Amino acid sequence: MSILGTRVVRTEDPVFLTRGATYTDDLTDERLTGALHLTLVRSPLAHATISSIDTAAALDAPGVVAVVTGADLDIAPALLFPGANKAMTRPFLATDRVRFVGEPVAAVLTDEFYQGEDAAELVDVEYEPLPVVIDPLAAADDETLLFPEAGTNTAAAYGHDSEPDADFFSGCEVVVTRDLVNQRLAAAPLETRAASAFWEGDHLTVYMSNQNAQGGRDEVAGWLGLDKDKVRVILPDVGGGFGAKIGSDPEFALVAWLARQQGRPVRWNESRSENMTGMVQGRAQRQTITIGGTRAGKVTHYRLDVVQDLGAYPRLGTFLPMFTRMMAPGTYDIENVDSRARAVVTNTTSIAAYRGAGRPEATAAIERAMDLFAAEIGKDPAEVRKLNVVAPEKFPFTTKGGVEYDSGEFAKAIDLALAESGYEGLRAEQKARRERGDVRQLGIGVSSYVEITGGGAFAEDASAQVHEDGTVTVLTGTSPHGQGHATAWAMLASEQLGIGLDKITVKHGDTDLVPRGGGTMGSRSLQTGGVAVHQASGELVDLAKQRAADLLEASVDDLELDPENAAITVAGVPGKSVTLAELASREELKVETTWDGKKPTFPFGAHVCVVEVDTESGKVTVERIVAVDDAGPILNPLLCDGQRHGGIAQGIAQALLEEVMYDEEGQPLTGTFADYGIPSAAELPSFDLVEMTTPTPVNPMGYKGIGEAGTIGSTPATQSAVIDALSHLGITHIDMPLTPMRVWEAISEAGK
Amino acid sequence: MKVEITVNGERTSADVEPRQLLAHYLRDSVGLKATNIGCDTTSCGACTVLLDGEAVKSCTVLSVQADQQAVTTMEGLDGASDGRPEHPVTKAFHAEHGLQCGFCTPGMVMSAVSLISHDSDLDERKVREGLEGNLCRCTGYHNIVRAVLVAAGKDPDAEQKSEAESDALRTAPGFSRGEAGA
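Remember, predicted model here, so these are calculated numbers, not experimental data. (Residues numbered from 1 in each chain as written. Chains lettered and ligands numbered in written order. Predicted model: local features only at pLDDT ≥ 70, side-chain atom pairs only at ≥ 80, totals over all residues. Heavy atoms only, no water.)

Q: Can you walk me through the overall build of chain A in this structure?
A: When you go through chain A residue by residue, the secondary structure sums to 18 helices and 28 strands. Its C-alpha atoms give chain A a radius of gyration of 27 Å, near enough to 27 Å, the size a compact globule of 752 residues would have. For chain A, buried positions account for 65% of its 752 residues. Of the contacts made within chain A by residues no fewer than 6 positions apart, 80% connect residues no fewer than 24 positions apart. A total accessible area of about 25,200 Å² is found for chain A, and carbon and sulfur atoms account for 49% of it. Distance from the positive charge centre (62 side chains) to the negative charge centre (108 side chains) of chain A: 4 Å. (Helix = DSSP H or I, 4+ residues; strand = E, 2+ residues; numbered from the N terminus. Rg over C-alpha atoms; globule rule 2.2 N^0.38 Å. Buried < 20%, exposed > 50% of the residue type's maximum accessible area, 1.4 Å probe, protein only. Contact = heavy atoms within 4.5 Å. Areas by Shrake-Rupley, 256 points an atom, 1.4 Å probe, with all protein chains shown as cover. Lys, Arg positive; Asp, Glu negative; His and termini not counted. Charge placed at Lys NZ, Arg CZ, Asp CG, Glu CD.)

This is how it looks when you write it as structure tokens:
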């Protein structure tokens, strides 16, 4: 029986559950002995010029070895996203101007951690406040400029080369339009950002908490002006990433620079409140949707206009609206699709990828549009979806968003979700509660989604080596932070080689071991790195057969792998065999390979969310969430379900709870976990997962990605469910997050 | 100030600043790194340990407050097991996939140990409320709740079923709950 598709518990867990994982702040590498602790002095103002920085008092404080300001640095400000407006660079320590609360202004280096906290308080920075712009729509007007030399706050624009066609919707019987807020979220991995660096001659080693060692190396090397081969980046265990730990952070390069300048290793581990302003955040789109079609329910036209808030310095957020535009039509076969986007800077924390990165925003928009359209024509929202999804016979299907969907059964996914939820019964219960005038009203939300996974990075390296003792080492360029690659990749190798999981070690996240790699992001790992490991392991068997052919004096065609004994045998000749370990003892038995899928894949699914809304208080309780997430064949259902669970929870959290907020002066109002609404176990139900399997033709295993599916499907289903519970009051839309206050206000407003 | 704290059955002592947090004592003075610090506000629970048998967030206890007391961290649960999870709670977290990145796990495990020791008749609702002070960003809690129920000797499938049956939706015609966690 194949190990693939079976529920294998994680091989990485025993250490995690006994001694604990080793995160960047836990390192005991002796080359970090005597490391200085870095404490950053961060701007308390959102927009200001710096008149002076006085470090004298801090320098006199106990344990202080150095206080460094931007004037001391010899590294130039960096453009943190290459495609953005070239004038919007970020200094590694601000010198003349700060642009968001939390921007680093000075670096304090101490022998011990507590000393740094004390001394940072003593750095005296004089600021002259400047006008603050928080709202991206206001920023787009360019009245207050963050980078006067740029002459604009727009860092990038997509589809703005021509004016929108004023007659676009002229043929439609029904047209509905709406402004939406896809609110700013904090990724909030439980492990905050951390880095440690030391130099050996002109060789730099940086440990960092990150999703991609190779990308981190390239950025650090680029920012510091070093050759890539002089920089080694190592990722120890990583305590969650969710997109926000893609690539390096300016602070990591600063740690490396300070280590060189001081001639001592430097360690940095930020606090949560620093993380809530200093680490990149996600979403932050303002959207205008317009949907048009026939009274019978056929959607023929869709327009999406996005203003992406980038925060103070353009980072990966600049790219997000491109994903949003690509995925704009979602699962629907819409003849006319039009979209444009603009990305603007504001005096807030920078925006980058966050679980789904541009695709949840696209799905939230089209799903809201479908609901509004259904409400306008008085039809069931699930029916309207089924009427408009791409038919299975149309795949591969090229959308008007300009991408080719590989495979899909969108209507079937909706049907499965409806059946599992008992949709008809729920509607009957809803009707009964409305007739009784119950305080607790029932809402049912349906979402249909398709996402792009492995978008933009389809290739990955892998190597597999059998050692003399019969153990195997697998190297991968993907880089897990909780997903369970060590188990999954070992399963793939074990399947091909016939060697047990306990003898297979998967290594990752070290640029000396794996110089090329794309890391783990965008749900890409299995379909790229996993397939590469499958390929490497298969090639290793081929290599073993070639070597065995000489040894056993047999034709390669007559040889086969005996998976029971991890040996090459001659077909039909019992006893004539050689084990892989024996072959490895004669000559290195190793292959390195690259798998290039050449295309992304398109997992899809449908979610049904059932909520109860207390119409007197506005409190929402999620009663059920049914998730159909089709990512093709499942390598390990245990890992796959875990990814789905986490995604669903984050999706519900966006719909109901989470929002990064600032006041008009740009002061964060959600700067700690005491203010920011991360759900606990008590706010969530258990989830109902429904299986469905549609392989992709893009790779030989049929694998698609799963990491972000739950989030993409559950957010619109949950938002829809709450609005659905209140639709009989005339409520057709409430912006996320649908907090009790917001829901209560909408009910109160509707009652007037 | 000098403190003496028994950590996982062993006497430890150090000269510490009065303001030092117990979490930093465990990590820096004793060198046990499983206990993690995830926030500044006692919100996340990643640093939860047992202090004389009671679950506390070690970022909210000063080392000096723990003087002459006994602390148990996750390392103390399976200390003699040669790196294998054998404590009922760690075993259940492994079997039920109750962890992903692992950062919240030591605190989550210690909260679960405390919860189980205080209530011999746990159900899904009690577990969810009992873990309210421990945040996880990866798992959506689904499998953590299952793990705690398993460790408490409960059948998580039956518990989740009864949770569904007890809610108001049982009256809905056609309402059926799928096999949660399947």
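Q: It is not clear to me how the domain arrangement of chain B should be interpreted in this structure. Could you clarify?
A: Many structure descriptions define interface size as the accessible area lost when the parts assemble. Residues and elements named next belong to chain B. Segmenting chain B into domains produces domain 1 (1-76) and domain 2 (80-167). Computed over C-alpha atoms, the centres of domain 1 and domain 2 are 23 Å apart. Between domain 1 and domain 2, the contact holds 18 residues from the first and 14 residues from the second. Here domain 1 and domain 2 share an interface that buries about 1,100 Å² over both sides, 64% of which is from carbon and sulfur atoms. The interface formed by domain 1 and domain 2 holds five residue pairs in polar contact (both at pLDDT 80 or more) in total. Contributing elements (two or more residues each) for the side of domain 1 that touches domain 2: strand S3 (48-51) and strand S4 (54-57). When grouped by side-chain class, the residues that make up the side of domain 1 that touches domain 2 number eight nonpolar, eight polar and two charged. (Domains from an automatic or database assignment. Buried area = accessible area lost by both parts, 1.4 Å probe. Polar contact = N/O pair within 3.5 Å; in protein donor to acceptor, adjacent residues only side chain to side chain. Nonpolar A, V, L, I, M, F, W, Y, C, P; charged D, E, K, R; others polar.)

Q: In this structure, what is going on with the pairing of strand S23 (residues 567-570) of chain A? I would like to understand it.
A: Remark: a regular strand shows side chains that alternate across the two faces of the sheet. Residue and element names in this part refer to chain A. Side chains Ala567 and Thr569 project from S23 onto one buried face, and the interleaved Ile568 and Val570 project onto a second face that is buried too. With four bridges joining them, strand S22 (residues 559-562) and S23 adopt antiparallel strand pairing. What sits directly across from Asp562, in S23, is Ala567. Between S22 and S23, which pair antiparallel in sequence order, lie four residues; one of them, Ala566, sits at a positive phi of approximately 50°. Pairing analysis gives three bridges linking S23 to strand S24 (residues 577-579), with the strands arranged antiparallel. Bridged to Thr569 within S24 is Ser577. (Pairing = 2+ DSSP bridges.)

Q: Honestly, the interface of chain B and chain A in this entry has me stumped. Any pointers?
A: With 65 residues of chain B at the interface, the matching set in chain A holds 72 residues. Both sides of the chain B and chain A interface together cover about 5,400 Å² of buried area, and 54% of this is carbon and sulfur. Across the chain B-chain A interface, the total number found is four salt bridges. The partner of Arg27 of chain B in a salt bridge is Asp25 of chain A, and the shortest N-O contact between them spans 3.4 Å. Counting every contact that joins chain B to chain A gives 29 residue pairs in polar contact (both at pLDDT 80 or more). (Salt bridge = Lys/Arg side-chain N within 4 Å of Asp/Glu carboxyl O.)

Q: Explanation requested: the sheet that holds strand S11 (residues 231-234) of chain A in the structure shown.
A: Pairing between the strands of a sheet is mediated by backbone hydrogen bonds and can be parallel or antiparallel. Residues and elements named next belong to chain A. An order of S3-S5-S1-S12-S9-S10-S11 is seen for the seven strands of this open sheet, with the pairing classed as mixed. Of all strands in the sheet, those with a lone pairing partner are strand S3 (64-69) and S11, marking the two edges. Averaged over neighbouring strand pairs, the angle between their axes works out to 20° when direction is ignored. Here five bridges tie S3 to strand S5 (residues 104-110), and the two strands are oriented antiparallel to one another. (Axes fitted to C-alpha atoms, helices over the stretch in contact; angles between N-to-C directions.)

Q: Explanation requested: the state of the cysteines in the structure shown.
A: Between two cysteines, a covalent bond joining their sulfur atoms is known as a disulfide. Residues and elements named next belong to chain B. Scanning all chains against the criterion turns up zero disulfides over all chains. The thiol sulfur of Cys39 is not disulfide-bonded, and the nearest other cysteine sulfur, from Cys44, lies at 3.8 Å. Classification of Cys39 as buried rests on a relative accessible area of 6%. Free of any disulfide, Cys101 has its nearest cysteine sulfur in Cys138, 3.8 Å distant. (Disulfide = S-S within 2.5 Å.)

Q: Help me understand the nonpolar core, please; the structure alone is not making it clear to me.
A: Side chains of nonpolar character tend, in soluble globular proteins, to be buried together. By size, the foremost hydrophobic cluster in this structure holds 84 residues, and its most contacted members are Phe93, Val109, Tyr141 and Val148 of chain B. If sequence neighbours within four positions are ignored, Phe93 of chain B has contacts with Leu17 of chain A together with Gly98, Leu99, Thr105, Met108, Val109, Ala112, Ile144, Ala147 and Val148 of chain B. Core analysis: the next-biggest nonpolar cluster, separate from the first, contains 56 residues, Phe373, Val403, Ala413 and Leu418 of chain A among them. (Core = buried A, V, L, I, M, F, W, Y, C linked by side-chain atoms within 4.5 Å.)

Q: Sorry, what's going on with the domain arrangement of chain A here?
A: Residues and elements named next belong to chain A. Domains assigned within chain A are domain 1 (34-130), domain 2 (281-388 + 398-453 + 600-751) and domain 3 (459-596). The gap between the C-alpha centroids of domain 1 and domain 2 is 39 Å. For the pair domain 1 and domain 2, the summed buried surface comes to about 1,300 Å²; carbon and sulfur atoms form 66% of the total. Summed over the three residues of domain 1 that lose the most area to domain 2, namely Phe81, Met88 and Phe100, the buried surface amounts to 39% of that side. Where domain 1 packs against domain 2, one counts seven residue pairs in polar contact (both at pLDDT 80 or more). The residue inventory of the side of domain 1 that touches domain 2, partitioned by class, reads ten nonpolar, two polar and four charged.

Q: Can you help me understand the packing of aromatic side chains in this one?
A: Two aromatic rings, taken as a pair, are described by how far apart their centres are and by the angle between their planes. All names here are of chain A. Applying the stated rule across the entire model yields 13 aromatic pairs over all chains. Residues Phe113 and Tyr114 carry aromatic rings whose centres are separated by 5.4 Å and whose planes lie at 85° to one another, so their mutual orientation is edge-to-face. Assessed through its relative accessible area of 15%, Tyr114 is described here as buried. Taken together, a centroid distance of 6.2 Å and an interplanar angle of 65° make the contact between Phe252 and Trp268 edge-to-face. Here Phe252 is found in helix H6 (residues 250-262), whereas its partner Trp268 is found in strand S12 (residues 266-269), with 16 residues between them in sequence. For Phe252, a relative accessible area of 1% puts it in the buried group. (Phe/Tyr/Trp six-rings, centres within 6.5 Å; stacked < 30°, edge-to-face > 60°.)

Q: What is the right way to look at the UniProt feature "domain: Aldehyde oxidase/xanthine dehydrogenase a/b hammerhead" (unreviewed entry) in chain A in this model?
A: UniProt's entry tags residues 19-131 of chain A with the feature "domain: Aldehyde oxidase/xanthine dehydrogenase a/b hammerhead" (unreviewed entry), counted in the numbering of this structure. The span residues 19-131 of chain A carries 11% helix and 31% strand; its end-to-end C-alpha distance comes to 51 Å. (UniProt positions renumbered as here; feature names shortened; annotations may be inferred.)

Q: Is there a simple way to explain a negative patch on the surface in this structure?
A: All names here are of chain A. The grouping of Asp54, Asp124, Glu126 and Glu128 at the surface amounts to a negative patch. For the negative patch, the element with the highest residue contribution is strand S6 (residues 124-129), accounting for three residues. Along the polypeptide, Asp124 turns up in strand S6. (Patch = residues over 30% accessible without salt bridge, like charges linked within 9 Å, V, L, I, M, F, W, Y side chains within 5 Å.)

Q: Any chance you could explain the packing of helix H10 (residues 381-388) of chain A against helix H11 (residues 410-421) of chain A here in plain terms?
A: The angle between the axes and the distance between the axes are what describe a pair of packed helices. All names here are of chain A. As a packed pair, H10 and H11 sit with axes 10 Å apart at the nearest point and diverge in direction by 160°. As the angle between them shows, H10 and H11 are arranged roughly antiparallel. Judged by the twist between their axes, the crossing of H10 over H11 is left-handed. Side by side, H10 and H11 meet where Ala382, Arg385 and Lys386 of the first sit next to Ile414, Asp415 and Leu418 of the second. A class-by-class count of the residues in the contact of H10 with H11 yields three nonpolar, no polar and three charged. (Parallel < 35°, antiparallel > 145°, perpendicular 65-115°, else oblique. Left-handed = near helix turned anticlockwise from the far one by under 90°.)

Q: Is there a simple way to think about unusual backbone geometry in this case?
A: Residues and elements named next belong to chain A. In this chain, Phe395 is followed by Pro396 through a cis amide linkage whose omega measures -5°. Within the fold, Pro396 resides in the loop between H10 and strand S16 (397-398). For the bond from Met736 to Pro737, the omega torsion is -10°, close enough to zero to count as cis. The residue Pro737 is located in the loop between helix H17 (709-725) and helix H18 (740-751) in this model. Notably, Asp142 is not glycine yet its phi reads approximately 65°, a positive angle. In this fold, Asp142 is placed in the loop between helix H4 (136-139) and strand S7 (154-158).

Q: What is the right way to read the pattern of salt bridges from this model?
A: Pairs can form between side chains of opposite charge once their charged atoms are near each other. All names here are of chain A. Under the definition given, this model contains 62 salt bridges over all chains. Linking Lys245 and Glu191 is a salt bridge whose minimum nitrogen-to-oxygen distance equals 3.1 Å. Of this pair, Lys245 sits in the loop between S11 and H6 while Glu191 sits in the loop between strand S8 (174-186) and strand S9 (194-200), and the two are 54 residues apart along the sequence. With respect to burial, Lys245 and Glu191 carry one shared label: buried. Among the salt bridges present, the one from Asp641 reaches Arg644, with a minimum N-O distance of 3.7 Å. On the criterion of helical spacing, the pair formed by Asp641 and Arg644 is a turn pair, its members being three residues apart in helix H16 (residues 637-656). No difference in accessibility class separates Asp641 from Arg644, as the two residues are buried. Salt bridges here are not isolated pairs; linked through shared partners, they connect Arg42, Arg90, Arg193, Asp249, Glu251, Glu270, Glu274 and Arg315.

Q: For this particular structure, what's the right way to read the packing of H16 of chain A against H17 of chain A?
A: Residue and element names in this part refer to chain A. Where H16 contacts H17, the axes come no closer than 7 Å and their chain directions differ by 40°. Viewed along their axes, H16 and H17 adopt a mutual orientation that is oblique. Note that H16 runs across H17; the crossing there is right-handed. On H17, the residues that touch Arg644, Gly647, Ile648, Gln650, Gly651, Ile652, Gln654, Ala655 and Leu656 of H16 are Gly710, Thr711, Ser714, Thr715, Thr718, Gln719 and Val722. For the contact of H16 with H17, the class distribution of residues is five nonpolar, ten polar and one charged.

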